[in-house]
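One-letter residues, chain by chain:
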Amino acid sequence: MSFQNISESAKKLDEQDPLKEFRGKFFIPQHQGKDCIYFTGNSLGLQPRSTSQYVQQELDDWAQMGVEGHFHAKNPWMPYHEIFPKQLSKIVGCKENEVVVMNSLTVNLHLLMVSFYRPTKNRHKIICEAKAFPSDQYALETQAKHHGFDPAAAVIEVSPREGEYVLRIEDIVATIKEHGDSVAVVLFGGVNYYTGQLFDMKSITKAAHAVGAFAGFDLAHAAGNVDLHLHDWDVDFACWCSYKYMNSGPGGVSGIYIHEKHASDTSVPRFAGWWGYTKETRFKMEKGFHAIPTAEGWQLSNAPVLSMAAHKASLDIFDEAGIGRLHEKRKLLSGYLHYILREINSEFGNVIHVITPADENERGCQVSMLVENKGKEMFEELTKQGVVADWREPNVIRIAPVPLYNTFEDIWRFGNIIESILKK
Ligand SMILES: *Cc1c(COP(=O)(O)O)cnc(C)c1O
């Protein structure tokens, strides 16, 4: 694909876009009477226009039926969570019995660590990426402490080489090997929230298994963004949130994946609740926990239906668009963005350092731009001109054009605004 930095070319790409109708399914925030250039779908995805109907349905059923809604609502609440595995298994690449929607993300990360981080004196280390999302860092730190280990020694971070921003897979694999049978769990983000680097989950999993450790991933920035094949990659466990690329509303429900070889093993230790109990006998309310032999066996509580209704609204849109077509458009959009940034750099002398990998197999939607000196000024000017981007100290602007509602013209306009800022 060869791109051009003119607005006609961007408009043409939009006309040819087989997913162009989908933007109309979302509310686009406004700036001075015009659509914003919304590039923060990696932080909070936009609201589908259909979400309110999905939530209203449950409110209406609750108003009319009260408790009977558990059985007689249009979408009965008791098995409400069962509507998700079919759609989610396509998004994260797994079997339907390996996935369940429950709780929120950091909670789920802890619950999964309860099952998969069972350290012993000899095997107690956690290997992760340096600069993991803070919540994940705190989770790992306190997990190590909880088991009586010093986090400074138990949590091993893999860092980029001197002068580099992203991790090399050979360094990740070498670190895992170096710590060998002292490693209990390897836990990485699928896509790093800061650099936008997509990790090679298949190779990381293989390296973890080679030393007898479990491999898990926090897919907050990967689910609904990049192509995932968790089952085929033999990943042990994963979790994600639904409110970033999956547009399911602030603080929305989270999902977990557990490989069926573990999910079907009801003897895997866990923190249990009644919703993980064998369905046939759950309401006998007897002593002694009997887990459902699927990922559902990790559920604690009954389904938070209102926030799940918002999740369902969004997943129906994913289904309609088709995950394959979304990946194709994502690659084109981010290819166009990388092209526009290269053009700007050739005109203004490498003012923008893109720290996200250039290889389309090592990134998703997000592009992290490091702008020396005037980064904050540029960010503030972008905001004034209706670009919703994200600033990360000390000098990174993160932007993420997403295939469901961003356009090539958004990217062209963004480039144009940057040029006008640089000309000043
Ligand atoms: C967004 C994000 C979180 C947020 O966690 P919540 O529990 O949903 O507040 C955690 N980890 C990663 C990697 C994230 O990107």
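The structure this text deals with has already been given above.
Attention here is on the structure that accompanies the text. All figures in this text were calculated on a predicted structure; none of them were measured in a lab.

1. A few points about the site of the ligand
Right, on to step 1. The environment of the ligand is formed by Leu105, Thr106, Phe133, Asp136, Asp218, Ala220, His221, Tyr243 and Lys244.
Right, on to step 2. Within the side chain of aspartate 218, one N or O atom sits 3.2 Å away from a nitrogen atom of the ligand.
Right, on to step 3. The side chain of histidine 221 places a nitrogen or oxygen atom 3.2 Å from an oxygen atom of the ligand.
Right, on to step 4. Against a free-state accessible area of 390 Å², the protein chains account for coverage of 81% of the ligand.
Right, on to step 5. Residue composition of the shell around the ligand, by class: four nonpolar, two polar and three charged.

2. A look at the side chain of lysine 329
Right, on to step 1. Mapped onto the secondary structure, lysine 329 falls in helix α12 (residues 323–348).
Right, on to step 2. Apart from the residues within four sequence positions on either side, lysine 329 is in contact with Asp17, Leu19, Pro403 and Asn406.

3. Side note on the state of the cysteines
Right, on to step 1. Per the stated rule, a full pass over the model turns up zero disulfides.
Right, on to step 2. Unpaired in terms of disulfides, cysteine 36 finds its nearest cysteine sulfur in cysteine 365, a separation of 18 Å.
Right, on to step 3. Take cysteine 36: its relative accessible area is 6%, and that puts it in the buried class.
Right, on to step 4. Cysteine cysteine 94 shares no disulfide, and the gap to the nearest cysteine sulfur, in cysteine 239, comes to 13 Å.
Right, on to step 5. Residue cysteine 94 is classed as buried on the basis of its relative accessible area of 13%.

4. A short note on the sheet that holds strand β15 (residues 396–399)
Right, on to step 1. Taken in spatial order, the four strands of this open sheet run β11-β12-β15-β14, and their pairing is antiparallel. Of all strands in the sheet, those bounded by a partner on one side alone are β11 (352–354) and β14 (390–392). Looking at each pair of strands side by side, their axes are set apart by 30° on average, direction ignored.
Right, on to step 2. One ladder, built from four bridges, connects strand β12 (residues 367–371) with β15; its direction is antiparallel. Bridged to leucine 370 within β15 is valine 396.
Right, on to step 3. Packing against the sheet, α12 makes contact with β11, β12 and β15, and its axis sits at approximately 145° to β11.

5. Some words on the layout of surface pockets
Right, on to step 1. Approximately 370 Å³ is the volume found for the largest pocket.
Right, on to step 2. What lines the largest pocket is a set of 20 residues, among which Leu198, Phe199, Asp200, Asn361 and Glu362 lie closest to the centre.
Right, on to step 3. Breaking the lining of the largest pocket down by element, the ones donating at least two residues are α8 (169–179), α9 (201–210) and α12.
Right, on to step 4. Looking at the lining of the largest pocket, its residues break down into nine nonpolar, two polar and nine charged.
Right, on to step 5. Composition of the lining of the largest pocket by domain shows at least three residues from each of domain 1 (7–48 + 323–423) and domain 2 (79–302).
Right, on to step 6. Its volume calculated, the second largest pocket comes out at about 260 Å³.
Right, on to step 7. Every residue lining the second largest pocket is listed: Val351, Val371, Glu372, Asn373, Lys374, Glu377, Met378, Glu381, Ile421, Leu422 and Lys424.

What counts, and at which threshold
Residues numbered from 1 in each chain as written. Predicted model: local features only at pLDDT ≥ 70, side-chain atom pairs only at ≥ 80, totals over all residues. Heavy atoms only, no water. Near = heavy atom within 4 Å. Polar contact = N/O pair within 3.5 Å; in protein donor to acceptor, adjacent residues only side chain to side chain. Areas by Shrake-Rupley, 256 points an atom, 1.4 Å probe, with all protein chains shown as cover. Nonpolar A, V, L, I, M, F, W, Y, C, P; charged D, E, K, R; others polar. Helix = DSSP H or I, 4+ residues; strand = E, 2+ residues; numbered from the N terminus. Contact = heavy atoms within 4.5 Å. Disulfide = S-S within 2.5 Å. Buried < 20%, exposed > 50% of the residue type's maximum accessible area, 1.4 Å probe, protein only. Pairing = 2+ DSSP bridges. Axes fitted to C-alpha atoms, helices over the stretch in contact; angles between N-to-C directions. 1 Å grid on protein atoms, 1.4 Å probe; cavity = no way out; pocket = protein on both sides within 12 Å on 5 of 7 lines; lining within 4 Å. Points joined across faces, edges and corners; volume = space filled by probe spheres on them. Domains from an automatic or database assignment.

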